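Listed here are the chains, written in short residue letters.
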Amino acid sequence: MPLHPPPPGPTPRERFLAFRQSLAPIPRLERRTVRVRGLDLAVWTTPPVPGAVPLCAVNGGLLFDHRALWPTLRPLARERQIILYDQRGRGQSGALPGARAARMEHDAGDLPALRDALHLAHWDLFGHSWGGGIAMLAAAQDPVGVRRLVLADPVGVTGDWLAGLHAAALAHLAASDPAAAERLAAHDPALLATPDPALHAAYAHAFYPAWFADPTLAALLPAPRASSPTGAAVAARLRRDGYDWREPLGALRVPSLVIHGERDVLSADEARRTATHLPDARLHLLADAGHMPFWEAPDRFFPLVATFLSED
């Protein structure tokens, strides 16, 4: 469980800007509509890389679409094709009638079907936050089709962490951004057990600054705004009923990399539990990074991911 400290000198904001300026131009995305389990999913792909296994990226947030990870993941597109998609009922993807019945397990089941629809024998999966939960469940359903699994600050294997998240965020913001703490304190997380899209969208927006260890990066990278009846229903069910994925994930034999910001308000203890529970996982903690290590520590984050994905 090596800890990767930040390099001395520049601030997180300066390191992020320098890293972004060092990148090649953003690759072109091709959009297509793919029919999956009775749904039309919006899918975007970077140019294929011959001989390299494609990487499918699963964004977090439950309300958000693929733009939560693009063009953020463009450094990985140099070595492999990146596949992005909008989860059912989010962004430009269709939703089935009866959105209030939506479950995260439905999102997870869409991924093996999407791989089949794209005529891929196998791929790698990348999941961030709640997208990490979707990716883990999908890999458990499709162990032959998933070669490697990368989890960036994933949710825990049980829902126990949810109860303390709001308080942890308030404590973090009180020290780093009192005005943001005041805005978040105006929201009652107990109300999120109801699938009201506007309520979930407002809370996600108020919570956003708490995801960063450094408030200057939160100011530099504005909070996304998104609303989704499907996403709100999934989020409400998880908060209301909790979850326990230990049984299916305990059988997951896919080689996995768990990367977690040491200063994430979603405690690094959850990452430790996840890495311990997955049979073939390694853990890397990134010092002075929060929930968005691809922004707060890109110079350490992307080499870790690229090295892991390049292994046979």
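Our subject is the structure listed above.
Since the model is a prediction, treat every value here as computed from it, not as a measurement.

Draft legend 1. Quick peek at the nonpolar core. By size, the foremost hydrophobic cluster in this structure holds 100 residues, and its most contacted members are Trp-123, Leu-125 and Trp-130. Here the element with the most residues in this core is helix α3 (residues 130-141); it accounts for 7 residues. Residues contacting Trp-123, with those up to four places away along its chain left out, are Val-53, Pro-54, Cys-56, Ile-83, Leu-111, Leu-114, Arg-115, Leu-118, Gly-145, Val-146, Arg-147 and Arg-148.

Draft legend 2. Quick peek at helix α5 (residues 178-185). Restricting attention to buried positions, one finds in α5 the residues Ala-180, Ala-181 and Leu-184. The buried residues of α5 occupy an angular sector of 105 degrees when the element is viewed end-on, so they sit on one face. Residues of α5 that are exposed and point more than 90 degrees away from the buried face comprise Pro-178 and Glu-182. Residues of α5 that are buried make contact with α4 (162-176) and α6 (197-207).

Draft legend 3. Up close: the pattern of salt bridges. Across all of its chains, the model carries 17 salt bridges by this definition. In this structure, the salt-bridge partner of Asp-110 is Arg-37, at a minimum N-O distance of 3.0 Å. Of the two residues, Asp-110 is situated in helix α2 (residues 104-117) and Arg-37 in the loop between β2 (30-36) and β3 (39-45); the sequence distance between them amounts to 73 residues. We classify Asp-110 as buried; its relative accessible area is 3%.

About the thresholds
- Residues numbered from 1 in each chain as written.
- Predicted model: local features only at pLDDT ≥ 70, side-chain atom pairs only at ≥ 80, totals over all residues.
- Heavy atoms only, no water.
- Core = buried A, V, L, I, M, F, W, Y, C linked by side-chain atoms within 4.5 Å.
- Buried < 20%, exposed > 50% of the residue type's maximum accessible area, 1.4 Å probe, protein only.
- Helix = DSSP H or I, 4+ residues; strand = E, 2+ residues; numbered from the N terminus.
- Contact = heavy atoms within 4.5 Å.
- Arc of directions from axis to C-beta.
- Salt bridge = Lys/Arg side-chain N within 4 Å of Asp/Glu carboxyl O.

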